[in-house]
Amino acid sequence: MSYAALNTDRIGSTAETVASRASCRSVDQAILGYVAQHGTAPTTIRQIQPWVQGDIAAYRIVKGRAAGPGC
């Protein structure tokens, strides 16, 4: 294998981008945490922002569940 074919800068950048995004599972867990604390399901993704690390802009809440990438 040629090391010239391996673009480590690009791979590192891609890994950082993916790592900064929240997963569907983490969004669902944040919804459950919100329900446990408030007794009602959140209606907007902004309501659970403090419960999640990472970017959740691609997600929305549909019928009390996360909807978006990987869901």
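Small disclaimer: the values here were computed from a predicted structure and weren't measured. (Residues numbered from 1 in each chain as written. Predicted model: local features only at pLDDT ≥ 70, side-chain atom pairs only at ≥ 80, totals over all residues. Heavy atoms only, no water.)

## Notes on the state of the cysteines
Okay, step 1: Here the structure, examined in full by the defined rule, presents 1 disulfide.
Okay, step 2: Residue cysteine 24 pairs covalently with cysteine 71 via a disulfide, S to S 1.9 Å. For the disulfide bridge between cysteine 24 and cysteine 71, the dihedral angle about the S-S bond is near 115 degrees, and by the sign convention the bridge is right-handed. Taken together, the residues span a long stretch of sequence, with cysteine 24 in helix α2 (residues 24–38) and cysteine 71 in the segment after β2 (65–67) at a distance of 47 residues.
Okay, step 3: For cysteine 24, a relative accessible area of 11% corresponds to the buried category. (Disulfide = S-S within 2.5 Å. Helix = DSSP H or I, 4+ residues; strand = E, 2+ residues; numbered from the N terminus. Buried < 20%, exposed > 50% of the residue type's maximum accessible area, 1.4 Å probe, protein only.)

## Considering α2
Okay, step 1: Its 15 residues place the ends of α2 21 Å apart at the C-alpha level, agreeing with the 21 Å of an ideal helix rising 1.5 Å per residue.
Okay, step 2: Of all the residues in α2, the buried ones are Cys24, Val27, Asp28, Ala30, Ile31, Gly33 and Tyr34.
Okay, step 3: Lining the buried residues of α2 we find β1 (60–62) and β2.
Okay, step 4: Glycine 39 lies just past α2 and shows a positive phi near 75 degrees. (Expected span 1.5 Å × (residues − 1). Contact = heavy atoms within 4.5 Å.)

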